There are 4 protein chains.
Amino acid sequence: MAMKFLSDNAASVHPAVWKAMMAADAADAPYDNDALSRELDARFSALFGRDCAALWVATGTAANCLALSAMVPPHGGTVCHREAHIEVDECGAPGFYMHGAKLMLAEGESAKLTPEAIAAVVEPIRDDVHQVQPHAVSVTQVSEYGCAYRPGELSAIADYVRGRRLALHIDGARFANAVAFLGCSPAEAALGADALSFGFVKNGGMGAEAIVFFDPELARQTRYRRKRAGHLQSKGRYLAAQILAMLDNDVWLDNARAANAAAAEIAAAAEGRLLHPVEANEVFLKTSAAEREALRAQGYEFYDWGMDAARLVTAWDTRPEAAAALARAIAGL
Amino acid sequence: MAMKFLSDNAASVHPAVWKAMMAADAADAPYDNDALSRELDARFSALFGRDCAALWVATGTAANCLALSAMVPPHGGTVCHREAHIEVDECGAPGFYMHGAKLMLAEGESAKLTPEAIAAVVEPIRDDVHQVQPHAVSVTQVSEYGCAYRPGELSAIADYVRGRRLALHIDGARFANAVAFLGCSPAEAALGADALSFGFVKNGGMGAEAIVFFDPELARQTRYRRKRAGHLQSKGRYLAAQILAMLDNDVWLDNARAANAAAAEIAAAAEGRLLHPVEANEVFLKTSAAEREALRAQGYEFYDWGMDAARLVTAWDTRPEAAAALARAIAGL
Amino acid sequence: MAMKFLSDNAASVHPAVWKAMMAADAADAPYDNDALSRELDARFSALFGRDCAALWVATGTAANCLALSAMVPPHGGTVCHREAHIEVDECGAPGFYMHGAKLMLAEGESAKLTPEAIAAVVEPIRDDVHQVQPHAVSVTQVSEYGCAYRPGELSAIADYVRGRRLALHIDGARFANAVAFLGCSPAEAALGADALSFGFVKNGGMGAEAIVFFDPELARQTRYRRKRAGHLQSKGRYLAAQILAMLDNDVWLDNARAANAAAAEIAAAAEGRLLHPVEANEVFLKTSAAEREALRAQGYEFYDWGMDAARLVTAWDTRPEAAAALARAIAGL
Amino acid sequence: MAMKFLSDNAASVHPAVWKAMMAADAADAPYDNDALSRELDARFSALFGRDCAALWVATGTAANCLALSAMVPPHGGTVCHREAHIEVDECGAPGFYMHGAKLMLAEGESAKLTPEAIAAVVEPIRDDVHQVQPHAVSVTQVSEYGCAYRPGELSAIADYVRGRRLALHIDGARFANAVAFLGCSPAEAALGADALSFGFVKNGGMGAEAIVFFDPELARQTRYRRKRAGHLQSKGRYLAAQILAMLDNDVWLDNARAANAAAAEIAAAAEGRLLHPVEANEVFLKTSAAEREALRAQGYEFYDWGMDAARLVTAWDTRPEAAAALARAIAGL
């Protein structure tokens, strides 16, 4: 197991999560009427220091698309990065959930947006009925290339977004890694957001993410949309249990720190080869085909990233010795 | 726990399922590329004695709606019973998944359809562009009132359906209870179906149902639609593990038999009060408000069913002594 | 031409409409930026004695569905009569335009709704996420059977609708016939509506209906939805011209009176045979197959209405002598 | 009127069209059951020299989106040029009609696609469920910049498209202008297409375009979708009349030739300023703000095209003397 650097998506489940799930085994009310699910709002409100409403769903795709569909009407648009997960990796889920609403693609280094990049998409749009009008912006914290938005960067985006009366969504599939890297509060790492997809699956959960709404009205209607999308699980208590176990004792943060540390160790051995700053648990490594072959021959598994690079992903359960060994192997290329 | 007769939806998870999930903890490929997920087609093909393609999803709503959306174009219709789950209990999920396609409501005793009931909906529809044309029929095995279609009944429906070039979907949220009751093969209990939503959640699973397609082309496109609906879980191996554990050693059948037996014991004590034949794990009991109050005072939990009835649902984990006690309590009313 | 009683849908275009269309031939701004289209708001505001925003579209189906989609979210529902045009005759257009939102079918004499009939649908719906929640009610003025809602009836419906915080839509494909029959103001015939589909096509127009919004915000977003539905015609001035020509000199009202009068004459000759009160331009006539055959042998064209009835529809251009002749033919059966 | 070079969208209606519409005034069957509508298939089959099925609709947006929705499932994608009308000017109509299916944007000179440009979009798409798969390609004949695809260019695109098992749609809002310019047969100008949006509105019609399907099964289901989109007009005979009048005596071709000739005259006077080859009825003219001001001061109306250019559009009814005058004015800048 320890030599896999393919994806945090396939990591194992954290023992605290297993334990919490099993503790939830006694029958309780179905759907999200159980005691654990009813705790979520308060727990996330405490974490973010403000009133939140939080809903569990099984996947990040569902979290992102339900959040966005609460903000964007079917005839509207969402600005996101050209390489955002919602654009590239969700098989058109935003189009499905938002009933044909459009993704409007912006540019930006390391898959991060800036106010300028958003403006370059938004400003040329004429306010007439022939063009889709933007209603929201979605940023990814950390970005597809593992780079974190600083609170100041989010603040600048939030200012632009408010000025244009848009809503702000954060895809936080790796939000924990961002908070671990930034060393700030969760609230600062989600500054300005109306909704946050807070990921737990990649970080030690089994199949539970939280959609955290900072506007309760958005949550209210999303409860209907979640059911309508087939995402209201009968035994929701097992999803709530996962999330609560991750929040207890900051498991989410410890796990992210472990994954980040493993990536940092690899990155330290590969300085000249890094395509993006390594701020979370992903390393994009300039490598020739022969070099990648050499690494694989030593037992390391990872994905190619185009012709000239490899993507190496660590997870909460990456063994330190495996990361260290990979670091040495890279240094020795 | 044992006095709850509210819903099989909230039952606990079977030990074999827990064990299988934990055995799947080692990292494997994400999504449905893992070894367990790749076993599903073969396992269901063996079970049904013909080529099947099977996909896991977390909920029955997703199973039903993905199956139907493979059969029915957005401008088409699906005939179902007026009290079918897809019509009554899914918050409009069929409309979402089928992009506005219509449910066409038929009548029938105990929420079961007949060829005549289907024809009463289908035949008056003129073949012109002003009216939605039917493309599929969905039946529920067992029905919303816990009644099983006999193979002969399904065969008659299938004949009608084929004659009109419609597709046939079976909502099998409690398919195991049907097979247990009928004492027939799974194939006979799903006779004529193009797709079956095979339920495991109510029967000892945690959050995994199977969509079984008897036409592989339907499965092929559904794989895209499942991802697009946010139902392709990253750690799909835990869902596959649940299903396989239920199929191993006929756990699914044993669990259904246990639930059916508990319901039968209750039913035997309540003969004059039964609103529907008790063939699975649901008992609809004519009772006055005072009688229901009396039962609740003894610790039994269940839902009212309108003004004059109670719905009692048993599950795989209903303790026999609890069922026996309830039976006595009913007899003593 | 004069013996056709098939449908007002196929009637000819009124001379005043032709004249206005030709007068609009000089190039003007495209879409709805031309001088005529820009007159609509003011003209309908004057007609209804309150601020309105009005949009032209080519068909009643588009008018109904755009109006409803401004009121009902994709996860919501609309109560309408079981025989309403939106349910029966639009090939699922409401499902398309409202993205899967549901029609909830109510009963009622002569296809008219009452507060009680609406309540019978609405009140049993539990306020939980498993059931589609109603967001609007749609009534048809005049109903599918040509019967008009009196202002008092609308007022009672409006009271119920407001009490439940629902929106009210009126399908006025034959709204002119209602006003002509009721002898009241247009405002009284549309009492309580948030939006009215005001029909002109059946009443002397060629291809232009008005969606009249009594809430400007609904109109604002509908302008985007109209374009998105392909209903923003490039040469919108020809549609505006039709509507304005009908409003000028009360052509709309005169035409409706003529059609109503023709129907009344037929009805007077058929008293014992009338299935519904004849209040507009439709006569539903109890007749045997042999009787219908006899009428057709005399050159009258009309549709059968089931086994035992005929539907006879007059139009603005029905010649009085044709109506009189048909009346005699019916009396002579 | 003659000094307007804003848009062919707002041009007047050709006398032959008016005449045909008035000749259709006698009541006939509603919808598309009238004698004129029933002629369309045969007339287009004759024009294209092969079996076609043709449907009228009021707008190019509806024509494009209905055609595409017959080819592309909701989970699929359509490759088009980044500046295609369906991407830029239809307020998201493709997303609405195709239920969230995606437009995949390709590059190309003068808004024309090539096999290479299409391949650059299609080939990187992995055949897995995370990415939207392409199902169709849409090209615009003539392109947004008024440039025509030669038969050989279409043939190369068609070869690629067939090789990838995609469908081919042609947006022919100005198809007549293409045929007029190319001097080829309509079949050659639509080579390889499965469906063609054949525009008449910009070319002398009032509100009627034809969707020409070269595969009758696509037309069959589109008849339902047209109704469902509210585009089946009651008095369809007036739309059929427009189209037939344009086909009679090659009015469509003569009109396009007139518009092209006017544009050619303007282009001849502006050689060094042309941003794109002038092959149809659009001239994109490099001009300073001061130059545009000077032209406007002389009474010419047109749109700016960004900061440094003007778009001048001629129409069938542009008076030759107006075009000549504008040519002189440009030459004199």
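Model, not experiment: these values are computed from the prediction.

## Looking at the relation of the copies chain B and chain A
Of the transformation placing chain B onto chain A, the axial shift is 0.0 Å and the rotation is 180 degrees, giving an RMSD of 0.0 Å. Look at the turn and shift together and you get a two-fold axis relating the two. Relative to the rotation axis, the C-alpha of B:Ala229 is the closest in chain B, positioned 3.6 Å from it. A share of 100% of interface residues in chain B that are also interface residues in chain A marks the association as one of identical surfaces.

## Notes on the domain arrangement of chain A
All names here are of chain A. Each assigned domain of chain A is listed here: domain 1 (15–250) and domain 2 (255–331). Relative placement of domain 1 and domain 2: their C-alpha centres are 27 Å apart. Across the contact, 19 residues belong to domain 1 and 14 residues belong to domain 2. Each partner contributes to the roughly 1,400 Å² buried at the junction of domain 1 and domain 2, and carbon and sulfur atoms together form 50% of this total. Contact with domain 2 buries area across many residues of domain 1, yet Tyr-145, Arg-174 and Asn-177 alone supply 36% of it, more than any other trio. At the boundary of domain 1 with domain 2, the tally comes to 2 salt bridges. Its salt-bridge partner being Glu-282, residue Arg-174 comes within 3.4 Å of it at the nearest N-O pair.

## Observations concerning the interface of chain B and chain A
Each partner contributes to the interface: chain B provides 45 residues, whereas chain A provides 45 residues. When the two sides are added together, the surface that chain B and chain A hide from each other amounts to roughly 3,900 Å², 62% of it contributed by carbon and sulfur. Considering only the surface of chain B that becomes buried against chain A, B:Phe96, B:Arg228 and B:Lys235 emerge as the three largest contributors, covering 20% of it. The interface formed by chain B and chain A includes 0 salt bridges. Applying the counting criterion to the chain B and chain A interface returns 29 residue pairs in polar contact (both at pLDDT 80 or more). Going through the elements one at a time, α1 (15–23), α3 (60–69), α5 (93–97), α10 (216–228) and α11 (237–247) of chain B are the ones with two or more residues in the side of chain B that touches chain A. A class-by-class count of the residues in the side of chain B that touches chain A yields 22 nonpolar, 13 polar and 10 charged.

## Quick notes on empty space enclosed by the protein
The gaps of empty space that remain are located by a probe, the size of a water molecule, rolled over the atoms. Evaluated as defined, the whole model comprises 15 cavities of 30 Å³ or more. The computed volume of the largest cavity comes to approximately 220 Å³. The wall of the largest cavity is formed by 19 residues, among which A:Ser234, B:Gly60, B:Thr61, B:His85 and B:Lys202 lie closest to the centre. The residue inventory of the lining of the largest cavity, partitioned by class, reads 5 nonpolar, 9 polar and 5 charged.

## Topic: the relation of the copies chain D and chain C
In screw terms, the move from chain D to chain C is a rotation of 180 degrees and a rise of 0.0 Å along the axis, fitting with an RMSD of 0.0 Å. The overlap is high: 100% of the interface residues of chain D also sit at the interface in chain C, so the same surface is used on both sides.

## With respect to the UniProt feature "domain: Aromatic amino acid beta-eliminating lyase/threonine aldolase" (unreviewed entry) in chain A
In this structure's numbering, the residues bearing the UniProt feature "domain: Aromatic amino acid beta-eliminating lyase/threonine aldolase" (unreviewed entry) are residues 5–288 of chain A. Within the segment residues 5–288 of chain A, helix and strand shares are 39% and 15% respectively, and the terminal C-alpha atoms sit 18 Å apart.

## Concerning the interface of chain D and chain C
Note on interface size: it is often stated as the accessible area lost on association of the parts. Listed as interface residues are 45 residues of chain D and, on the opposing side, 45 residues of chain C. Between chain D and chain C, a total of about 3,900 Å² is buried, with carbon and sulfur atoms accounting for 62% of that surface. The three residues of chain D that bury the most area against chain C are D:Phe96, D:Arg228 and D:Lys235, which together make up 20% of that side's buried surface. For the interface between chain D and chain C, the tally reads 0 salt bridges. Connecting chain D to chain C are 29 residue pairs in polar contact (both at pLDDT 80 or more). Mapped by element, the contributors of at least two residues to the side of chain D that touches chain C are α1 (15–23), α3 (60–69), α5 (93–97), α10 (216–228) and α11 (237–247) of chain D. A per-class count over the side of chain D that touches chain C returns 22 nonpolar, 13 polar and 10 charged.

## Digging into the nonpolar core
Of all hydrophobic cores here, the largest spans 141 residues; its most connected members are A:Phe44 and B:Phe44. Leave out the neighbours within four places in its chain, and A:Phe44 touches A:Cys52, A:Ala54, A:Phe198, A:Phe200, A:Ala210, A:Val212, A:Ile243 and A:Leu247. Within the second largest apolar cluster, 136 residues are counted, among which are C:Cys52, C:Leu113, D:Ile170 and D:Ala178.

## So, the pattern of salt bridges
Per the counting criterion, the structure on display carries 88 salt bridges over all chains. Ionic pairing is found between B:Glu123 and B:Arg164, a salt bridge with its closest N-O pair at 2.8 Å. In this pair, B:Glu123 sits in the loop between α6 (115–122) and β4 (133–140) while B:Arg164 sits in the loop between α7 (151–163) and β5 (167–172), placing the two residues 41 residues apart along the sequence. Bridged by salt links that share partners, the residues A:Asp8, A:Arg174, A:Glu282 and A:Arg311 form one connected network.

Procedures and definitions
- Residues numbered from 1 in each chain as written.
- Chains lettered and ligands numbered in written order.
- Predicted model: local features only at pLDDT ≥ 70, side-chain atom pairs only at ≥ 80, totals over all residues.
- Heavy atoms only, no water.
- Least-squares fit on C-alpha atoms with pLDDT ≥ 70 in both.
- Contact = heavy atoms within 4.5 Å.
- Domains from an automatic or database assignment.
- Buried area = accessible area lost by both parts, 1.4 Å probe.
- Salt bridge = Lys/Arg side-chain N within 4 Å of Asp/Glu carboxyl O.
- Polar contact = N/O pair within 3.5 Å; in protein donor to acceptor, adjacent residues only side chain to side chain.
- Helix = DSSP H or I, 4+ residues; strand = E, 2+ residues; numbered from the N terminus.
- Nonpolar A, V, L, I, M, F, W, Y, C, P; charged D, E, K, R; others polar.
- 1 Å grid on protein atoms, 1.4 Å probe; cavity = no way out; pocket = protein on both sides within 12 Å on 5 of 7 lines; lining within 4 Å.
- Points joined across faces, edges and corners; volume = space filled by probe spheres on them.
- UniProt positions renumbered as here; feature names shortened; annotations may be inferred.
- Core = buried A, V, L, I, M, F, W, Y, C linked by side-chain atoms within 4.5 Å.
- Buried < 20%, exposed > 50% of the residue type's maximum accessible area, 1.4 Å probe, protein only.

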